[in-house]
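In case you want the letters, here they are:
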Amino acid sequence: MTAKTTLQIIGVLQILLVLSACGGGSSARPAAVISDPDPVEGDPPLAQTTLGPLISGVSSQIAGVHVWTDYAYDDRATNPGVTPEENGNDADLIQLQLYPDAEALYVKAVLETLIDPAVPLLGIGLDLDGDPNTGAPTLPGEQWNVAGTPLGLERVISISAAGAQLWSWNGSSWLSEGVFDSVIDPDENTLFAEIPNELLGAYGRTWRAVAAVGVSSASWLTGDGAIHDLAYVRDESTSNFQSNLQAAILDGTEDAQQAIATIDLDSLASGVDDIAQPLANFKNTFLYRSSLNLGEGIAIGDTVNPAYTFAGPYQPYAAWFPENLPANPGLIVYLHGSGEDYMGGLYGGTELDPTASLKKLIGDADGIPIYATGMLSPNAVLVTPLGRSLGGPPDGPAVQDYLDVIADVTERLNVDENRVVLTGYSAGGVNTFRLSQLYPDRWAGSVPLVGSPTTWLFEVMDSTTGEQNYPDALENLYNLPFRIANARLDELTNTFAAPYLDLAVLQLQQMAYDYRHWQFIRREHVSLPVALLQCEMEKAIERGRVLDPARVVFSHEPLLDRVNEEMGLNMIRDSAYWVSGLKVRGTSFSRGDKGTVDITSLAFADRQPATKPVYGLYENLSAGRDVCGPNPEANTLDVWYEIGTKRVAGKSLPVSNALEGSLTRVESVTLDLLGMRLSPNNPIRIALSTDGDALLRLVGHWPGAVSIEPEGDDNTVVCPVAKVIEVPLASDSGDVWLRPSSTNCP
């Protein structure tokens, strides 16, 4: 008789005995408590949902609790390449907490998705004597084909909505030692149980532990279904949501020792913390808990937009940094391409030389060698968000993920928020164009790689859905140094996006913006030499972002806003630099409708920079060179041309307490006088042309009442409200003066 058969029989007999003793009925067996209590009354260690810094693939020891943090979306059983709709994300472990004390063992697991309490089935296996050669070689149900090191389990705790159950190994089969209440909390996505120590039996001071998650409807415990997720597997692969090693362990092609934890009870009892830390020169996987409410699980798109949306609360991202990271490092946000996840960035390789993999031959063109892309390894932090998808068009939740990742890593690694560079490859390059236009004031520089402002495919998708995902607002890049890198032989960009990219470069040239466009003559879509562009990203980090410029050009497109109270989204892209609250005139809008401000503060002497054309043809066949200049390490047999516009200092101009410019289809807009260097204590001249009635709100430390004096019209005296003076403008207003008034304000 197999252990599986014995477990099934024992389970049936136990249920019958309990029903008989209690007189039958559905309440005979202890049921799960579906609620939201503190699982251990008065016990701070388990009162929090998660513990520690949420670094996947590592264990910590915190306040006497053994804590394992797992990977998100890795619940793929023995098939790491399973498509998202097939795996369902119903058994995805995020964190496991084990808290042994003098009376009981407390167990808590946090899942990515927990909508129906009846779905998940958690198991914890314990080798209580620390000897793999005693105890059961695998878990009940035999769904783990253990190879190499036996598990050696004396006890297994199963937790589901039916309750918690303790199983003991008698040398040939599994026997039930008792059934207990379990607490399933869908609000916090947790499962909890308390196991009395007397039922665990005699045990040593060092345990070996495993943990598995599946679904109750196809139970791995009885052998009727697969184990979807294992704890304690540290997977350093860069594909399939880091589930490759786990699959190999489950199917017996890798040693089970890689999924077994060693727990020192004396160390836990000491109360000394041992908290996991991220590693330098390594792609760490960080998790953060999102505040969005997207319904959990994995949402599948439609025929127009087939992208998956990873909707769970715990979102993963990759984070890399070098040894000896500065105290306030810069940050490069690298957006992944289509079909990739957060591990897809071209950085974090084992070679510390940023050009080492450039020297790896990957093919040839007409007999001339072609080398690989190389890897980025700057003296800065690099992150890649998941973006809630595998590279589909970014919607509100995707962009919110990008912003949340920046906030999370800034707090973790003390990033300098003024030195953040945006880049991305392929679809990530397209999204780099997009975020640069939506949030131009967030970045010190922007470097899209084999990307474009949009593609004809995305344009068709936008038209079909009636939404607008990709802005037409390159004018917003006035204060953002913009660097574009593409491959001349790019089979994708040339097919899907060539006219859009060419038109964007032409527009930047015509506007005399600070931009460069490098095109690598013999490179294809997948072989752009990104390591040759690292120097430009480092220059942007050193330069820092523009904070309070003399001139702001900014457009707001209402159809690009994303507001959904149920989801928790409130993304109105109406602000940049010292401009905020830009409201577009009108009540209904079509794709491309926008309001634009182009305003210059005359308080800056350097408000009119000069420009110089940039052009050239370069190579590193004869000597090492990257896009910034000579570099002896960068000898990749590449040829590229460069065009662009360089800004240089212009003439110093007289300063005055004035602003000038234009408003186009603007109903109202707010300006911050402090950022503009304008003084509310002195008269202010406003010289703004507008194509219709507009309301100008000026925020400042006004000393009192203000006289608004339009040319050819009556003066009006107003008092500031919440530091704001409102100035109505019309198309025929001419100059308007604001002067301090002696009128008393209430």
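A quick note: this is a predicted structure, and the numbers were derived from the prediction, not measured. (Residues numbered from 1 in each chain as written. Predicted model: local features only at pLDDT ≥ 70, side-chain atom pairs only at ≥ 80, totals over all residues. Heavy atoms only, no water.)

We now examine the packing of aromatic side chains. Within the structure shown, the criterion is met by 15 aromatic pairs. Geometrically, the ring pair formed by Phe-286 and Tyr-317 is edge-to-face, given 5.6 Å between the ring centres and 85° between the ring planes. Placement of the pair is Phe-286 in strand S15 (residues 284-289) and Tyr-317 in strand S18 (residues 314-320), with a sequence separation of 31 residues. Aromatic pair Tyr-478 and Tyr-513: ring centres 5.4 Å apart, planes at 75°, arrangement edge-to-face. Of this pair, Tyr-478 sits in the loop between helix H9 (456-465) and strand S25 (482-487) while Tyr-513 is found in the loop between helix H10 (493-511) and strand S26 (515-520), placing the two residues 35 residues apart along the sequence. (Phe/Tyr/Trp six-rings, centres within 6.5 Å; stacked < 30°, edge-to-face > 60°. Helix = DSSP H or I, 4+ residues; strand = E, 2+ residues; numbered from the N terminus.)

What follows concerns the sheet that holds strand S30 (residues 579-584). Taken together, four strands build an open sheet; the order of strands is S30-S37-S39-S42 and the sheet is mixed. Single-partner strands in this sheet number two, and they are S30 and strand S42 (724-729). Between one strand axis and the next, the sheet turns through 15° on average, direction left out of account. As judged from the four bridges shared by S30 and strand S37 (residues 666-672), these two strands associate in the antiparallel manner. Paired with Lys-583 across the strands is Ser-668, a residue of S37. (Pairing = 2+ DSSP bridges. Axes fitted to C-alpha atoms, helices over the stretch in contact; angles between N-to-C directions.)

Another aspect to go through is unusual backbone geometry. The backbone phi angle of Phe-241 is positive, close to 55°, even though this residue is not glycine. Inspection of the secondary structure puts Phe-241 in the loop between strand S13 (229-230) and helix H5 (244-250). Overall, the relative accessible area of 3% leaves Phe-241 in the buried class. In this model, Ser-426 sits at a positive phi of 60°, which is unusual for a non-glycine residue. Following the sequence through the fold, Ser-426 ends up in the loop between strand S23 (420-425) and helix H8 (427-438). (Buried < 20%, exposed > 50% of the residue type's maximum accessible area, 1.4 Å probe, protein only.)

Pairing between the strands of a sheet is mediated by backbone hydrogen bonds and can be parallel or antiparallel. Pairing is mixed across the open sheet formed by 10 strands, whose spatial order is S15-S18-S22-S19-S23-S24-S25-S26-S35-S32. Every interior strand has two partners, whereas the edge strands, S15 and strand S32 (610-619), have only one. Strand-to-strand twist of the sheet, defined as the mean angle between neighbouring strand axes without regard to direction, takes the value 20°. Inspection of the sheet shows S15 paired to S18 by six bridges, in the antiparallel sense. If you follow Leu-287 over to S18, its bridge partner there is Pro-316.

Below, the discussion takes up the pattern of salt bridges. According to the stated counting rule, one finds 19 salt bridges in the structure shown. Across the pair Asp-598 and Arg-551 runs a salt bridge, and its minimum N-O distance is 2.8 Å. One end of the pair, Asp-598, is in strand S31 (residues 595-601); the other, Arg-551, is in strand S27 (residues 551-556), with 47 residues separating them in the sequence. One continuous salt-bridge network, built from bridges that share partners, spans Arg-483, Asp-514, Arg-516, Glu-536 and Lys-539. (Salt bridge = Lys/Arg side-chain N within 4 Å of Asp/Glu carboxyl O.)

Mapped onto the elements of the fold, Gly-88 is located in the loop between helix H3 (84-87) and strand S4 (93-100). Accessibility expressed as a relative area gives 28% for Gly-88, which makes it partly exposed. A C-alpha to C-alpha distance of 6.5 Å links Gly-88 and Ile-298, two positions 210 residues apart in sequence.

For the rest of this paragraph, the subject is the side chain of Asn-657. With respect to the secondary-structure elements, Asn-657 resides in the loop between strand S35 (639-648) and strand S36 (658-664). In this structure the side chain of Asn-657 is engaged in a polar contact, spanning 2.8 Å, whose partner is the backbone nitrogen of Ser-679. Leaving out residues up to four positions away in the same chain, Asn-657 has contacts with Arg-677, Leu-678, Ser-679, Asn-682, Pro-683, Ile-684 and Arg-685. (Polar contact = N/O pair within 3.5 Å; in protein donor to acceptor, adjacent residues only side chain to side chain. Contact = heavy atoms within 4.5 Å.)

With that out of the way, let us pick up the state of the cysteines. For the structure on display, the rule yields two disulfides. A sulfur-sulfur separation of 2.1 Å characterises the disulfide bridge that pairs Cys-719 with Cys-745. Its torsion about the S-S bond being -95°, the disulfide of Cys-719 and Cys-745 is classed as left-handed. Placement of the pair is Cys-719 in the loop between strand S41 (716-718) and S42 and Cys-745 in the segment after strand S43 (736-740), with a sequence separation of 26 residues. On the basis of relative accessibility, which here comes to 31%, the residue Cys-745 falls in the partly exposed class. Here the protein pairs its bonded cysteines, counted in sequence order, in the arrangement 1-2, 3-4. (Disulfide = S-S within 2.5 Å.)

Caution applies to low-pLDDT parts of the model: their predicted coordinates are not meant to be read in detail. Chain-level pLDDT for the protein is 88 on average; 87% of the residues reach the 70-or-more range. Below pLDDT 50 for its whole length, residues 1-42 participates in 75 contacts with residues either more than four positions away or in separate chains. Note on residues 350-360: pLDDT is under 50 here. Beyond four places in sequence and across chains, it has 32 contacts. (pLDDT = per-residue confidence, 0-100.)

The subject of this paragraph is helix H7 (residues 396-413). Here H7 is 18 residues long and its end C-alpha atoms lie 26 Å apart, about the 26 Å a rise of 1.5 Å per residue gives. Counting buried positions along H7 yields 15 of 18 residues, so the element is predominantly enclosed. Asn-414 lies just past H7 and shows a positive phi near 55°. (Expected span 1.5 Å × (residues − 1).)

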